[in-house]
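Breakdown of the fold
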Amino acid sequence: MLSETERRELEEAVKHYPDKRGAAIDALLTIQRRRGWISDDLLLDIAQFLEITAEDLDSVATFYNLIFRKPVGRHVAFMCDSISCWIKGCERVQEQIKNLYDVELGQTTSDGRLTLLPIACLGQCERAPAIMIDQDVHGDITPDTIEQIVEKYK
Amino acid sequence: MATIIVDNKSYSVDERQNLLAACLGHGLNVPYFCWHPAMGSVGACRQCAVKQFKDDRDQSGRLVMSCMTPVTNGTRISIDDPEALAFRASVIEWLMVNHPHDCPVCDEGGECHLQDMTVMTRHVYRRSRFPKRTHRNQSLGPFIRHEMNRCIQCYRCVRFYRDYAGGRDLNVFGSHDALYFGREQDGTLENEFSGNLVEVCPTGVFTDKTFFRHYTRKWDLQSAQSICSHCSLGCNTTASERSGILRRITNRFNSQVNGYFLCDRGRFGYEYVNSDKRIKHVRVQLDQDRTKTAAPQEASEVLNIIGARLRAAHGIIGIGSPRASLEANVALRTLVGPQQFFLGINEHEHQLLSKVLSVLWTGPVPSASIHDAEQADAVLVLGADLLNEAPRLALALLQSIRQQPMERVDDLKIPRWDEAAVRNAVQNRRGPLFLAGSQRTWLHDHATDSYVAAPDDIARLGFAVAGSIGQGAPSVSDLRGEIRELTHRVAEALGNAQRPLIIAGTGSGSLATIEAAANVAWALHRRGKAPRLSFVLPECNSAGLGLLGGGRLQGAFDSISQGKADTVIVLENDLYRRAEETQVDAFFDAAHTVIVIDSLENRTTTKADVLLPAATAVESDGTFVSQEGRAQRFYQAFVPEREIKEGWRWLSDMARAASQETDVDRGVTTWRNYDDVVSATARAAPELAHIGKVAPSASFRLMGQKIPRQSDRCSGRTSLIAHLTVHEPAPPVDHDSPLAFTMEGYRGPVPSPLISQFWAPGWNSIQAVNTYQDEVGGPLRDEMPGVRLIEPDATMAPAWFTAIPHPFQPRSDQWLLLARPALFGSDELSNHSPAIVERMAQPFLSLHPSDGARLSLDDHSMIDLTLEGKTYSLAVHLDPFTPLGTTGLFLGPDVFRGQVPAWVNLFKAVTIVPRRRVA
Amino acid sequence: MERPLTQHIHPDGTTRTLREYVKDGGYRCLQKLAAGLAPKDVQRLVTEAGLRGRGGGGFPTGTKWSFVPMGPDAPKPKYIVANGDEMEPGTFKDRVLMEGDSHGLIEGMILAGYALDAEVGYIFLRGEYHLSAQRLNQAIAEAYAEGYLGKTIPGTGFRFDLHLHSSAGRYICGEETALINALEGKRAVPRAKPPFPQTVGLWGQPTVVQNVETFYNLPHIVNHGAAWYHSLSHTQDGGTKIYGVSGRVIHPGWWELPLGTTAREILEEHAGGMANGVRFRGVLPGGISTAFLVEKHLDLPLDFSSLPPQVGRLGTGTMIVLDDHTCPVGFVLNLERFFARESCGWCTPCREGLPWVARILTSFEEGHASKDDLALLDMHTKWLAPGHTFCGLAPGAMAPLQSALQYFREDFEQHISRGRCPWSKKPAQLKVLV
């Protein structure tokens, strides 16, 4: 069930578009910010709010990279694996994360703390390689500095 | 017209087409997947690439997608260009990266568009050496099987299901090469037209689940044209059989009627033919006591028995049927004489049917074909529940609402076939569609305005609209403010349209709505518009029966009770669906001899002294007249088991048996084959005079040959009954049609009713229809789309209907009981098909929530409803769209139609069934 | 050297406040509008300035605008959309602008709206740009509070409303018609053209979609005129360009330079040359959908007109350098994996062809590719061409592959002959001889 606050936020998002459906992506992101991911039940609630079917909404939700239809950890780390970061050794950093936290791309640590996902270029190429944890971007990361960064996210 | 040059040859083509359609229309093979003649172009599959040259000096050219390229005069292309050939083969190779190549175990095999296109592009060797992706399939209900691994992502399924048919519960999920076409979760596909996915899907992702249970390859099927018998629209179908089992029904293109699509009742309702309730043997009850079981009788003997009974009879009456062919009804009428022939429909329905026919016959406005309905630019529906009573017409209306927005599309110079661009330009704009009725369905989501009210109020709206259009039509003065505004909106929209369509029907049981619809159409006609009328009728041959004419059912009852006759012949009709049980019981009890001809066991067949097994429509030659007034021929797809015969043949045999000694020539005795019946039918009523033009006569031959019902690859003919005999029996001889029950005969272009299956070299799927059309999507070559029997005279100016009902007044202790027709459940024959039964709703009674409160009924509570001594066990549906003071009764299999509409005291008629406690 | 777009951007990464922006002449052109500069005057100025789209396509802005229906009969509403879906790998220029100078975008969009009589704008921002979102939202709120947005510009009868839309992440949203579908809350599948968005765009209405950087140029053109704008550039295309360099160079970063600056100047003077111990092999001049330039091309001016089509195109102007310590096959594999993952799934060649290419390249890296695989790669570069696919994604994906096969073919062949990646430290795969 959507909370009153969530409903109000959705009402606000809908105002920016000539029809409710236009707010589908905003609505999914809004709810995901609060809930972490979009469960089947939430999907249905949001669809009802937007006056569309679950099929309508899930077709959109599953198209985009940043809508999570499966549970994620308390923190989500987006590891840029695009070309500039690749040249600068993002694979070694990723290897180090695996050593430290026993988690591969697309997985969540067993304690539910961290989900590691690949992401397309974060636009931080001048300080590659880069990683974004939740909403914070960290550039010029190395296998040596990554632990210190991740440890900020408990 | 424009001239295009394809591989250095000139072709004349319509410039409103795209290049792909233009090429296909000239028989030039260009492969394609995502394009569909009814659904336009979206440019997704890239299969239809051809080389386009700027002019005759351009040697290099560039590849273009023919489906996305408009035709212009002088367009110069090459289909056979090596680069184009290589690219098209590559597209197949890409599709094959993941397609499982499981043709031998795939139901689509042998009629798979993907197979055809693969062969057409000459792709043979797949170079990808990587693992293929796999998907989990979904369970999609009793009609459709799902096998996602075969998917080639052409997007046709979602384009049909969502964009064309208004479905919401199928979609595409995911992205890049991880796409999934299905539902959000496992479950039944709810759209009424889901079965078309079977034909729309170019490969075996969506296949016919009912066919799967008695599967046969397409080339092994014996097929013939049939006309759907599950509602009054007369959709054309192809019925296919092998070894005595009806295997499936597929859509059969008719440009004027159903085009490319059928509804699910029409496609999946066929299994009654294979039902174990089929009457297969002659049964005779020699004992006067009918409670004893009738005994099987030698077929040869039974005619002697009947002959003796008929000769000894003191008056014979015949009761016809709206689900029997015109010919069978004519045969009965001829046998018993016009004065002793009764229509076999209930009193109220008789009245409504006569009204509809007289409106069409005496008024200036023609009836609409389904094709006309698709082209209508404003629609008003009065009282008919199209999704449940005439679904294919509802599908047509979903297309009609695009007509008006298309003007904007034309202004933007977007070609109409450019489907994706059209949708982007049209967005949510819809042409006018006004739905007025006593219940709400999802079709209302597409309506400009809707009005849910009791039938009298619906009729008042119609009368008011007519009055508002003016031209002398009577107006309605005492309308509520909001209804008055609605009236003006409707009148204005219809008045602004060029091709308005008014739809009503018999389903609501309201004579006034039919009259109101007539007034609206006539007023529009007088304003110089080109309106059309469409009346939904109860059954597949209601119109034919009405045109033939005959007495009322009550007259039949009276004949027996008053002793004018003692013998009754009932033709394919369960009278217990037509009249009250006690009345029918009394009727049969009083009759000395009851002869029943029917195909399935029902309560009437149990009353028969002589029961004769009748062939169903797919086992017969005959004619149905659709609600449009269109007479259409259907052919025997196969010869049924030995004793089963067409109704008209039984009647003809009976007449001969009866006349041997009395020498009374009743006409019917001289009939030898089907052509004789058709001639007699043409003479039976002036309206039927042109019935002979519906299809070629039995003597029709091409190159001196008959036309085979089997493909020339039909296999196993010599081994099908090898367990019984190694001698191959001679195929049955067909004296009644130009068709033959064999693989031998004329192969080539034939008049459309004689096409057994759509097939052309290289075109094994249903897409072969293209090769039968001069212009893709247009009429078939030599199309005989049936004969419209009622063409009105545009100069007629009948008097206005003036009996405007009073506003509906809810009563304090009574409710107006209204019919709630159901796509699955209200049709007698399809109710015997297991897949349809699975889709049937639990019987219910709907009430407005405040009426529910007055009766102390909760939503979903169980009740017993007793009407005229008959008790129905029902669930309560509290539904705000049920008009106050009315109640909707689900028209399930065992509900007697005559009980609605009627005023019922629900305080007395309803008893609440206590919920069983959960143990 | 004038740097109109970036000279006021704070080097420390903090944003320019509204006060600073106005003090330096921000929102001044709204007064010009109020003083009688007509929409068609703005259009003419932009056309004369020779402003070309900065998103990578380089389409002349004036021409793009000329297709928008104008006048009293034109459909309403019309929309202005800023394409801030900066997801092109190696590209980060729009982020720099939006984070550093949010009001510049707003002012540019108001101008475009005024010129085209379009009253609603959307900024389509990639979802990962949280800082940009935060700063833009604040700037929009400020602009509303000050009456730049949502209020009629005195004397013009024109008012402009602006909304920020954060995307949920898809490279294809950078394609303008896919972006429109995304804004409508649909799957971001590109639309067929024609009709172009200028006539049938967002919700079926006339719409102009432009790259963020393009909008930033508009106030300066209106303030200083077309001649001044042309004087900024080295070539016939007007204005400056934000160029960037990433990869193994000494100073990766971005610089606003005259349009038509050579790659050599950017790489050697601004980026400080190659990092110690590595040598230059090639460069993708503007994001990953552009073809490699090699040593012999470095003195060509980098603008929208000077690069011969058979050599390549400028793209976004943010370069990615390939050095001799990096495997060119691995480099291209990284790109093709990205493209395969970001294909929208609509048309067959892209949806099925790109993953196949990526798998073949993987087999090169893993050491079990054959000559046939090389032929398959060549086949894809031939077939995944403009017009063969529904949109430009797959042809863009082929640009680096095709040029890599041209310039670095020996490296591909070595992967086959050695049965391993020469840059990999893993041993060669044992080949089983049959």
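Residues numbered from 1 in each chain as written. Chains lettered and ligands numbered in written order. Predicted model: local features only at pLDDT ≥ 70, side-chain atom pairs only at ≥ 80, totals over all residues.

1. Details of the overall build of chain C
Using the following cut-off: For the purposes of this entry, the term helix denotes a DSSP run of H or I that reaches at least four residues, the term strand denotes a run of E that reaches at least two, and both are numbered from the N terminus. Radius of gyration means the value over C-alpha atoms here, while the globule rule gives 2.2 Å times the residue count to the 0.38 power. With C-beta atoms placed from the backbone, a residue is labelled by how many other C-beta atoms lie within 10 Å of its own: buried for 20 or more, exposed for 12 or fewer, partly exposed between the two.
Summing up its helical and strand segments, chain C has 16 helices and eight strands in all. Here the C-alpha radius of gyration of chain C, 23 Å, is about what a compact globule of 434 residues would show, namely 22 Å. Along the three orthogonal principal directions, the C-alpha set of chain C runs to about 85 × 45 × 35 Å. Put simply, chain C has 434 residues, and 59% of those count as buried.

2. Focus on the packing of helix H2 (residues 24-35) of chain A against helix H3 (residues 40-50) of chain A
All names here are of chain A. Operational definition: Angular values range over 0 to 180 degrees, each being the angle between N-to-C directions of two axes fitted as lines to C-alpha atoms, with helices fitted over their stretch in contact. Comment on the angle field: the value is read as roughly parallel under 35 degrees, roughly antiparallel over 145, roughly perpendicular from 65 to 115, and oblique elsewhere. Here is the rule for handedness: rotate from the far helix to the near one, and if that takes an anticlockwise turn smaller than a right angle the crossing is left-handed, while a clockwise turn gives right-handed. A pair of residues counts as a contact when their C-beta atoms, built from backbone coordinates, are within 7 Å of each other. Three residue categories are used. Nonpolar comprises Ala, Val, Leu, Ile, Met, Phe, Trp, Tyr, Cys and Pro, charged comprises Asp, Glu, Lys and Arg, and polar comprises the others, including Gly.
Direction vectors running N to C along H2 and H3 enclose 140°, while the axes themselves pass 11 Å from each other. In terms of axis orientation, H2 runs oblique to H3. Of the two possible hands of crossing, H2 and H3 adopt the one that is right-handed. Here H2 contributes Ala24, Ala27, Leu28, Ile31 and Arg35 to the contact with H3, which in turn contributes Leu42, Ile46, Phe49 and Leu50. Residue classes in the contact of H2 with H3 are distributed as eight nonpolar, no polar and one charged.

3. Some words on the interface of chain C and chain A
Contacts between the two partners involve 40 residues from chain C, matched on the other side by 33 residues from chain A. Top contributing element to the side of chain C that touches chain A by residue count: helix H12 (residues 328-342) of chain C, with five residues. Tallied by class, the residues present in the side of chain C that touches chain A amount to 15 nonpolar, 15 polar and ten charged.

4. Here's the deal with the domain arrangement of chain C
Residue and element names in this part refer to chain C. The cut-off we apply is this: Where each domain starts and ends follows an automatic or database-derived domain assignment.
Segmenting chain C into domains produces domain 1 (18-231), domain 2 (240-323) and domain 3 (328-418). Look at where the C-alpha atoms of domain 1 and domain 2 centre, and you get two points 27 Å apart. Between domain 1 and domain 2, the residue contacts involve twelve residues of the former and 15 residues of the latter. Within the side of domain 1 that touches domain 2, the residues separate by chemical class into three nonpolar, five polar and four charged.

5. A closer look at the packing of H12 of chain C against helix H13 (residues 348-366) of chain C
Any two packed helices are characterised by the angle at which their axes cross and by the distance between the axes. Residues and elements named next belong to chain C. At a closest axis distance of 9 Å, the pairing of H12 and H13 adopts a crossing angle of 155°. Overall, the two elements H12 and H13 adopt an arrangement that is roughly antiparallel. When the axes of H12 and H13 are compared, the crossing they make is left-handed. Between H12, through Val329, Gly330, Val332, Leu333, Glu336, Arg337, Phe339 and Ala340, and H13, the contact on the second element is made entirely by Leu354, Pro355, Val357, Ala358, Leu361, Thr362, Phe364 and Glu365.

6. Concerning the domain arrangement of chain A
Accessible area lost upon the coming together of the parts is a frequently used measure of interface size. For chain A, the domain assignment lists domain 1 (4-61) and domain 2 (75-150). On a C-alpha basis, the centroid separation for the pair domain 1 of chain A and domain 2 of chain A is 29 Å.

7. Some thoughts on the sheet that holds strand E5 (residues 136-138) of chain A
Residue and element names in this part refer to chain A. Stated formally: Criterion used throughout: strands pair if DSSP finds at least two bridges between them.
Taken together, the five strands give an open sheet; going across it, the order is E2-E3-E1-E4-E5, and neighbouring strands pair in mixed fashion. Both outer strands of the open sheet, strand E2 (107-108) and E5, are each paired with one neighbouring strand and no more. Pairing of E2 with strand E3 (residues 114-119), which is carried by two bridges, proceeds in the antiparallel orientation. Note on E3: the bridge partner recorded for Thr108 is Thr115.

8. Some points on the pairing of strand E2 (residues 120-125) of chain C
All names here are of chain C. Note the cut-off: We call a crossover right-handed when, viewed with the strands running away from us, the connection from the first strand over the helix to the second turns clockwise.
For E2, the tally of buried residues reaches six of six residues, placing the bulk of the element in the interior. Residue alternation in E2 divides its side chains into two sets, Val120, Tyr122 and Phe124 and Gly121, Ile123 and Leu125, and both sets are buried. Pairing of strand E1 (residues 79-84) with E2 involves six bridges; the strand directions are parallel. Within E2, the residue paired with Asn83 across the bridge is Phe124. Pairing geometry for E2 and strand E3 (residues 161-166), over six bridges, is parallel. Bridged to Val120 within E3 is Asp161. Taken together, E2, helix H7 (residues 130-145) and E3 form a β-α-β motif whose crossover is right-handed.

9. Looking at H12 of chain C
Convention followed: Here the expected length of a helix is defined as 1.5 Å per residue gap, with one fewer gap than residues.
Helix length check: H12 of chain C, at 15 residues, gives a terminal C-alpha distance of 21 Å against a target of 21 Å (1.5 Å per residue), a fit within 8%. With 14 of 15 residues buried, H12 of chain C lies mostly within the body of the structure.

10. Description of the nonpolar core
Let me state the cut-off plainly: The nonpolar core is taken to be a set of buried Ala, Val, Leu, Ile, Met, Phe, Trp, Tyr and Cys residues joined by way of C-beta atoms within 7 Å.
In terms of nonpolar packing, the biggest core is built from 467 residues, with Leu28 of chain A, Val520 of chain B together with Val81 of chain C touching the most fellow members. Excluding residues within four positions of it along the chain, Val81 of chain C makes contact with Gly121, Tyr122, Phe124, Leu179, Leu183, Leu202, Thr207, Val208 and Val209 of chain C.

11. Remarks on the interface of chain B and chain C
The partner chain C presents 29 residues to the 31 residues of chain B that form the contact. Of all elements in the fold, only strand E4 (62-65), helix H2 (82-96) and helix H15 (419-426) of chain B reach the threshold of two or more residues within the side of chain B that touches chain C. Partitioning the side of chain B that touches chain C into residue classes produces 19 nonpolar, eight polar and four charged.

12. Things to note about helix H3 (residues 39-49) of chain C
All names here are of chain C. What counts here: Here the arc refers to the set of directions running from the helix axis out to each C-beta atom.
Those residues of H3 lying buried are Val42, Gln43, Leu45, Val46 and Ala49. Around the axis of H3, the buried residues are gathered within 160° of arc, so they sit on the same side. Residues of H3 that are buried in the fold lie against helix H4 (61-66), helix H6 (102-116), helix H9 (212-224) and helix H10 (226-231). Phi for Gly50, located one or two positions after H3, is positive at around 70°.

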